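Overview (structure and organization)
In case you want the letters, here they are:
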Amino acid sequence: MSRISTDRMRELLPLYFIMGSQNCKLNPEEVLIKAIEAGITQFQFREKGENSLKGRDKIEFAKKLQTICKKHKIPFIVNDDIELAIALDADGVHIGQDDESAEIVRQKIGDKILGVSTHSIEEVEKAILEGADYLGIGPVFHTKTKKDAKSVQGTELIERVRDKGIQIPIVGIGGITAHNAASVIKGGADGVSVVSAISMSDEPYESAGELRKAAF
Ligand SMILES: C=C1C=NC(C(F)(F)F)=NC1=N
Ligand SMILES: [Mg+2]
């Protein structure tokens, strides 16, 4: 298997759903199925923070969500936990600046998808050099999900990256809803990633569908 192409990566980013048991209002498996039926294009398993599952419970929960993604041919990405991603043969991993370097993670995961959170031009250029396939840039708007989120930056960095002619696939993240998703794409992102807009919704199918329409 070889590294995913830029064009193919771009196709996976339009509506990137991120969820863990700790930020899900209804049954997580049912929410994921509804989100997939509504048209999400990629899924990230992000089990962290207070009340998150650990050890065997986390592994078993991840396997259940990965099975759902496999059945519907939706890429299953694991946040932070490289060892878990390798153990499950996940489709990829997402790391932040406080995780292992992208260079080391790339060596560990081979040709799997590698996503990196970036907050400056320097971090963008380093992530590209070290083998990132896509970047997460934000928080674009105020977010309640990530307790240690950096300051809200709108689409300013996304626009600066595009103005420099950097074409790596980018997904915006942070406080994105059906009401503001279009502005993220207008700012130069290839997609939007959301947690609460779907995971905390009473109607995840409708919420994901509105986002899909709003962003594209
Ligand atoms: C902190 C994060 C920032 N961006 C992303 C993604 F949207 F996938 F790029 N995922 C994260 N977990
Ligand atoms: Mg991380």
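Residues numbered from 1 in each chain as written. Chains lettered and ligands numbered in written order. Predicted model: local features only at pLDDT ≥ 70, side-chain atom pairs only at ≥ 80, totals over all residues. Heavy atoms only, no water.

**Quick notes on the overall build of the protein**
The line we're drawing: Working definition: helices are DSSP H or I runs of at least four residues, strands are E runs of at least two. Numbering for both runs from the N terminus. Only C-alpha atoms enter the radius of gyration; for comparison, a globular chain is expected to reach 2.2 Å times N to the power 0.38, where N is the number of residues. Relative accessibility under 20% of the residue-type maximum defines a buried residue, over 50% an exposed one, and the middle range a partly exposed one, all with a 1.4 Å probe and only protein chains included.
When helices and strands are counted, the protein shows 10 helices and eight strands. Relative to the globule expectation of 17 Å for 216 residues, the C-alpha radius of gyration of the protein, 16 Å, shows essentially globular dimensions. For the protein, the C-alpha atoms occupy an extent of roughly 45 × 40 × 30 Å along the three principal directions. Split into buried and exposed, the 216 residues of the protein put 52% on the buried side.

**Some points on the packing of helix H2 (residues 28-38) against helix H3 (residues 55-71)**
Two measures define how a pair of helices packs: the angle their axes make with one another and the distance between the axes. To be explicit about the condition: Angles run from 0 to 180 degrees between N-to-C directions of axes, and those axes are lines fitted to C-alpha atoms, restricted for helices to the stretch in contact. Working definition: roughly parallel below 35 degrees, roughly antiparallel above 145 degrees, roughly perpendicular at 65 to 115 degrees, and oblique for all remaining angles. Each crossing gets its hand from how the near helix is turned against the far one by less than a right angle, where anticlockwise is left-handed and clockwise is right-handed. In what follows, a contact means two residues having at least one pair of non-hydrogen atoms within 4.5 Å. Side-chain classes follow a simple rule in which Ala, Val, Leu, Ile, Met, Phe, Trp, Tyr, Cys and Pro form the nonpolar group, Asp, Glu, Lys and Arg form the charged group, and the remainder, Gly included, forms the polar group.
Between H2 and H3, whose axes approach to 10 Å, the crossing angle comes to 20 degrees. The orientation of H2 relative to H3 falls into the category roughly parallel. Crossing of H2 over H3 shows right-handed handedness. In this structure, H2 contributes Pro28, Glu29, Leu32, Ile33 and Ile36 to the contact, and H3 contributes Phe61, Lys64, Leu65, Ile68 and Cys69. Considering only residue class, the contact of H2 with H3 consists of eight nonpolar, no polar and two charged.

**Section: the confidence of the model for the protein**
Which entries qualify depends on this criterion: pLDDT measures how confident the predictor is about each residue, on a scale from 0 to 100.
The predicted model of the protein averages 96 in pLDDT, with 100% of residues at 70 or higher. Here the predicted complex carries an ipTM of 0.98, next to a pTM of 0.97.

**Comments concerning the site of ligand 1**
Cut-off, in case you're wondering: Here a residue counts as near a molecule or strand whenever at least one of its heavy atoms sits within 4 Å of it. Think of a polar contact as two N or O atoms within 3.5 Å of one another; within protein, one of them needs to be a possible hydrogen donor and the other a possible acceptor, and neighboring residues in sequence only count if both atoms come from side chains. With residues, only the protein chains shown are counted as cover, and all accessible areas are computed by Shrake-Rupley using a 1.4 Å probe.
In the neighbourhood of ligand 1, the contacting residues comprise Tyr16, Ile18, Gln44, Arg46, Asn79, His94, Ser117, Tyr134, Gly136, Val171, Ile173 and Ser193. Between ligand 1 and glutamine 44, the relevant distance is 3.0 Å, taken from a nitrogen atom to a side-chain nitrogen or oxygen of the residue. Here a nitrogen atom of ligand 1 and a side-chain polar atom of asparagine 79 are 3.4 Å apart. For ligand 1, whose accessible area on its own is 310 Å², the fraction buried by protein is 93%. In the shell around ligand 1, the residues fall into five nonpolar, six polar and one charged.

**Describing the packing of aromatic side chains**
Basically, it comes down to this: Ring geometry is summarised as follows: Phe, Tyr and Trp rings, the Trp one being its six-membered ring, pair when their centres sit within 6.5 Å, and such pairs are stacked at plane angles under 30 degrees, edge-to-face over 60 and tilted between the two.
Within this structure, the stated rule accounts for five aromatic pairs. When the centroid spacing of 5.7 Å and the interplanar angle of 80 degrees are considered together, the rings of tyrosine 16 and tyrosine 134 count as edge-to-face. Placement of the pair is tyrosine 16 in strand S1 (residues 15-19) and tyrosine 134 in strand S6 (residues 134-137), with a sequence separation of 118 residues. Of the two residues, tyrosine 16 and tyrosine 134, both sit in the buried class. Taken together, Phe17, Phe43, Phe45, Phe61 and Phe76 form an aromatic cluster joined through their ring pairs.

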